[in-house]
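# Descriptive structure summary
The residues making up each chain are set out below.
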Amino acid sequence: QVQLVESGGDLVQPGESLRLSCRASGYTFSRYVMDWYRQAPGKERELVASVRGGGSANYADSVKGRFTVSRDNAKNTVYLQMDSLKPEDTAVYFCKTTVYGNNYWGQGTQVTVSS
């Protein structure tokens, strides 16, 4: 079955960088769009970035120019490189994919940006 496992969350200071990973299994990874979402306390889950099988990407305005999404289809892994982190980036970050109309989510990884 489809499984997504995120890793890489941590506590960092403002201005620092962090790279999240999401390893996928149970389906043909390269064929499907991968999304990164985040959910801050008391807020709705929001789409941060998406990357297609060929590598083209889209970003939320709030992270454009600071975050970079990429994927390694040979490793069934998608990455989110986060630079110039701000306190408002604090959230649980999730990866997600949609296969045959079904949404699959990872368990999430906590990112905290604080001095």
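Residues numbered from 1 in each chain as written. Predicted model: local features only at pLDDT ≥ 70, side-chain atom pairs only at ≥ 80, totals over all residues. Heavy atoms only, no water.

This part is about unusual backbone geometry. Positive phi values are uncommon outside glycine, yet Asn-76 reaches one of about 55°. Among the structural elements, Asn-76 can be located in the loop between β7 (67-72) and β8 (77-82). You can call Asn-76 partly exposed: its relative accessible area is 23%. For Tyr-100, which is not glycine, the phi torsion reads 50° and is therefore positive. (Helix = DSSP H or I, 4+ residues; strand = E, 2+ residues; numbered from the N terminus. Buried < 20%, exposed > 50% of the residue type's maximum accessible area, 1.4 Å probe, protein only.)

Attention shifts here to the pairing of strand β3 (residues 18-25). In regular strands, side chains alternate between the two faces of the sheet. With five bridges joining them, strand β1 (residues 3-7) and β3 adopt antiparallel strand pairing. Across the sheet, the residue bridging to Val-5 is Arg-23, located in β3. With six bridges joining them, β3 and β8 adopt antiparallel strand pairing. Paired with Leu-20 across the strands is Leu-80, a residue of β8. (Pairing = 2+ DSSP bridges.)

A few words on the nonpolar core. As a rule of thumb, soluble globular proteins bury nonpolar side chains together. Core analysis: the largest hydrophobic core is formed by 30 residues, its most contacted members being Tyr-27, Met-34, Trp-36, Leu-80, Met-82 and Tyr-93. Listed by contribution, the elements that provide at least two residues to this core are β3, β4 (34-39), β5 (46-51), β7, β8, β9 (91-99) and β11 (109-113). (Core = buried A, V, L, I, M, F, W, Y, C linked by side-chain atoms within 4.5 Å.)

With that settled, the discussion passes to the packing of aromatic side chains. In total, this model carries four aromatic pairs according to the counting rule given. When the centroid spacing of 6.2 Å and the interplanar angle of 85° are considered together, the rings of Phe-94 and Trp-105 count as edge-to-face. Note that Phe-94 is positioned in strand β9 and Trp-105 in strand β10 (residues 102-105), a separation of eleven residues in sequence. Take Phe-94: its relative accessible area is 9%, and that puts it in the buried class. Residue classification places Trp-105 among the partly exposed residues on the basis of a relative accessible area of 34%. Sitting over the ring of Phe-94, Arg-45 keeps its end group 3.8 Å from the ring centre. The side chain of Arg-45 reaches across the aromatic face of Trp-105, ending 4.6 Å from its centre. (Phe/Tyr/Trp six-rings, centres within 6.5 Å; stacked < 30°, edge-to-face > 60°. Lys NZ or Arg CZ within 6 Å of the ring centre and 35° of its normal.)

This part covers the pairing of β7. The alternating pattern of β7 places Phe-67, Val-69 and Arg-71 on a buried face, while none of Thr-68, Ser-70 and Asp-72, on the opposite face, is buried. One ladder, built from six bridges, connects β7 with β8; its direction is antiparallel. Counted as the bridge partner of Phe-67 is Met-82 from β8. In this antiparallel pair of consecutive strands, β7 and β8, the connection spans four residues, and Asn-76 shows a positive phi of 55°.

Let us look at the pattern of salt bridges. Counted by the stated rule, this structure contains five salt bridges. In this structure, Arg-38 and Glu-46 form a salt bridge, with 2.6 Å as the shortest nitrogen-oxygen distance. Residue classification places Glu-46 among the partly exposed positions, given a relative accessible area of 33%. Among the ionic pairs, Arg-66 bridges to Asp-89, the shortest N-O distance being 2.7 Å. (Salt bridge = Lys/Arg side-chain N within 4 Å of Asp/Glu carboxyl O.)

Function-wise, these values are silent; they only describe arrangement.
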